[in-house]
Amino acid sequence: MKGIAILGSTGSIGRQTLDVIRNFRHHFRLVGLAGWTNRSLLQQQLDEFQPDLACCQGLEGEGALLRLGKGRAATLEEMVRDPRVDLVVMAISGPSCLVPTLQALQGGVAVALASKEAIVMAGPLIAGLVGKGATVLPVDSEPSAIWQCLQGEPREVQRLILTASGGPFRSRPLGELAFVTPKEALEHPTWRMGRKITVDSATLMNKALEVIECHWMFGVPWEDIEVVVHPQSVVHSLVEFRDGSLKAQLGPPDMRLPLQYALFYPQRVANPKLERLDLARIGSLEFAPLEAGRYPCFTLALEAARTGGTYPVALCAADDVAVSLFLEGKLGYLDIPPLIQGVLDGHASGDGESLNDILEAEAWARRRAQEMARTRT
Ligand SMILES: NC(=O)c1ccc[n+]([C@@H]2O[C@H](COP(=O)([O-])OP(=O)(O)OC[C@H]3O[C@@H](n4cnc5c(N)ncnc54)[C@H](OP(=O)(O)O)[C@@H]3O)[C@@H](O)[C@H]2O)c1
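The model shown is predicted, which means the values in this text are computed figures rather than measured ones. (Residues numbered from 1 in each chain as written. Predicted model: local features only at pLDDT ≥ 70, side-chain atom pairs only at ≥ 80, totals over all residues. Heavy atoms only, no water.)

Moving on, we come to the site of the ligand. Inspection of the region around the ligand gives 23 residues, with T10, T37, N38, E117 and G194 positioned closest. The separation between an oxygen atom of the ligand and a polar main-chain atom of S12 is 2.9 Å. Interatomic distance of 2.8 Å between a backbone N/O atom of G194 and an oxygen atom of the ligand. Surface burial for the ligand is 87%, taken as the share of its 900 Å² of free accessible area covered by protein chains. Those elements giving two or more residues to the shell around the ligand turn out to be α1 (12-23) and α5 (116-121). Residue composition of the shell around the ligand, grouped by class: 8 nonpolar, 12 polar and 3 charged. (Near = heavy atom within 4 Å. Polar contact = N/O pair within 3.5 Å; in protein donor to acceptor, adjacent residues only side chain to side chain. Areas by Shrake-Rupley, 256 points an atom, 1.4 Å probe, with all protein chains shown as cover. Helix = DSSP H or I, 4+ residues; strand = E, 2+ residues; numbered from the N terminus. Nonpolar A, V, L, I, M, F, W, Y, C, P; charged D, E, K, R; others polar.)

This is the structure we're talking about:
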């Protein structure tokens, strides 16, 4: 049985991972579950799955109030370093995913990585660990699609083509974007996800983060990664090989499929709970070029990534603050890109190759974004 720890078990990815495991209980031993503030859901999960370890640090002192059954309380670090854990499913949203991801990889534990922020902030560090034998399995649907397309292929890749739904405002007149509300931004046309990634999908920050993720995961140069708009979210991404052949991975927009692929890799198993794709019912698949002017976050994020150093760290931290303020109604939708740009403009980059450097840049960018937001109002 594979020993699993799920960090971020109370979120969208965490819940869907548990849903897959529910169907294959005899394949997995659930060693650890970690939530943050949603103590009641974590408690339900602990009651149902009876893991060996539980972590709930978001509410001070509240972790101690959990009913742990035969298990015990643990920190995230203890959980990822527990010898019974073979695979960590990393599903913590935002920059807090970084440290436990590195701790797992440094300890020789494989990570099924949903939390792209970790690889965006520490691409060279994580690529270096993978170069020395650490295992990172993609979970995000686009990198998972690329990974699946690359199976059995010599790495003769010409281009990666990531698909993007275009988000809820793809056809909205640009003049109306100033009035976008958090409720509208949270209505993604094809995927049901956590709040931060849903807003990032509306601004297309999420797609830029995926480009960065694919650059570091698959070692493909920036100029060979393209994005195409595909509103149906059925083709999850494509690889073009040197001979001009394209391979695509298709499936319903359901994260349980890439999650299950990572959990069972390299096996494929039948899961009766997953819907099958009915191409005849879908009828047509559309593709269109990305209208970059509509999505300033996409452009500024890729500029930060290409510049390197700790710019991607500042980008992630500033975006995290900007999205939280937008969701709290304290920042307008169109104020998100200038806030992030302002933080990047004022950033004095380190080389981004040590954890210390990264954490300092993260703390600085978070403070700077909050100060800038305060002085705007
Ligand atoms: N959802 C998707 O379909 C999807 C698809 C691809 C990639 N991803 C990526 O997967 C990650 C998770 O996304 P999600 O949609 O599942 O987010 P989500 O629904 O907001 O869940 C986030 C999880 O992280 C926990 N958490 C938040 N802040 C934390 C902190 N500081 N320390 C420890 N735990 C913390 C939350 O705990 P509480 O809820 O208990 O507070 C929750 O369990 C993101 O990086 C996202 O980009 C998601």
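Turning our attention to the domain arrangement of the protein. For the protein, the assigned domains are domain 1 (2-138) and domain 2 (143-252 + 276-376). A C-alpha centroid distance of 24 Å is found between domain 1 and domain 2. Domain 1 puts 21 residues into the contact, and the matching count from domain 2 is 28 residues. Carbon and sulfur atoms supply 78% of the area buried between domain 1 and domain 2, which totals about 1,900 Å² over both sides. For the domain 1 face of the interface with domain 2, the top three residues by lost area are K116, V120 and P138, together amounting to 33%. Our enumeration of links across domain 1 and domain 2 arrives at 2 salt bridges. Put simply, domain 1 and domain 2 have 3 residue pairs in polar contact (both at pLDDT 80 or more) between them. Of all the secondary-structure elements, those providing two or more residues to the side of domain 1 that touches domain 2 are α1, α4 (98-106), α5, α6 (123-131) and β7 (136-138). When residues in the side of domain 1 that touches domain 2 are grouped by element, the largest group, 5 residues, is from α5. (Domains from an automatic or database assignment. Contact = heavy atoms within 4.5 Å. Buried area = accessible area lost by both parts, 1.4 Å probe. Salt bridge = Lys/Arg side-chain N within 4 Å of Asp/Glu carboxyl O.)

Within the largest apolar cluster, 124 residues are counted, with the highest numbers of intra-cluster contacts made by L7, L315 and I340. If you count residues domain by domain, this core takes at least three from each of domain 1 (2-138) and domain 2 (143-252 + 276-376). Once you skip the residues sitting within four places of it in the chain, L7 turns out to touch A34, L76, M79, V80, V88, V89, M90, A91, I92 and P100. (Core = buried A, V, L, I, M, F, W, Y, C linked by side-chain atoms within 4.5 Å. Buried < 20%, exposed > 50% of the residue type's maximum accessible area, 1.4 Å probe, protein only.)

Both faces of strand β5 (residues 87-90) are covered, namely the face carrying L87 and V89 and the face carrying V88 and M90. Here 4 bridges tie strand β1 (residues 2-7) to β5, and the two strands are oriented parallel to one another. What sits directly across from I6, in β5, is V89. Two elements, β5 and strand β6 (residues 110-113), share 4 bridges in a ladder whose sense is parallel. Its bridge partner lying in β6, L87 is registered against A110. (Pairing = 2+ DSSP bridges.)

Viewed as axis vectors pointing N to C, helix α9 (residues 195-203) and helix α14 (residues 311-327) meet at an angle of 100 degrees, and their least axial separation amounts to 10 Å. On the basis of their axis angle, the class for α9 and α14 is roughly perpendicular. When α9 is examined against α14, the residues R195, K196, V199 and D200 are found in contact with a partner set consisting of D319, D320, V323, F326 and L327. Taken together, the residues of the contact of α9 with α14 break down into 4 nonpolar, no polar and 5 charged. (Axes fitted to C-alpha atoms, helices over the stretch in contact; angles between N-to-C directions. Parallel < 35°, antiparallel > 145°, perpendicular 65-115°, else oblique.)

This part covers α6. Buried within α6 we find G123, I126 and L129. Projected down its long axis, α6 shows its buried positions confined to an angular sector of 135 degrees, all on one face. For α6, the secondary structure elements touched by its buried residues are α4, α5, β7 and α10 (205-218). G133 sits one or two positions beyond α6 and adopts a positive phi of about 115 degrees. (Arc of directions from axis to C-beta.)

As a further point, take the environment of A110. With respect to the helices, strands and loops of the structure, A110 is situated in strand β6. By relative accessible area, which is 15% here, A110 ends up buried. Residues A110 and G133 lie 23 residues apart in sequence; the distance between their C-alpha atoms is 9.9 Å. Apart from the residues within four sequence positions on either side, A110 is in contact with D86, L87, V88 and T135.

Turning to the environment of R159, a few remarks are in order. The residue R159 is located in strand β8 (residues 157-164) in this model. Measuring from C-alpha to C-alpha, the distance between R159 and H347 comes to 32 Å, with 188 residues separating the pair along the chain. Beyond its immediate sequence surroundings of up to four residues, R159 is in contact with D224, E226, L238, V239 and E240. Among the polar contacts listed, one links the side chain of R159 to the side chain of E226, at a separation of 2.5 Å. Among the polar contacts made by the side chain of R159, one reaches the side chain of E240 at a distance of 2.3 Å.

An order of β4-β3-β2-β1-β5-β6-β7 is seen for the 7 strands of this open sheet, with the pairing classed as parallel. Strand pairing shows two members of the sheet lacking a second neighbour, β4 (72-73) and β7, which therefore form its edges. Relative to strand β2 (residues 28-35), β1 runs parallel, the two being bridged by 6 bridges. Within β2, the position partnered with A5 by the bridge is G32. Those strands touched by helix α2 (residues 39-49) are β2 and β3 (53-56), and its axis lies near 165 degrees from that of β2.

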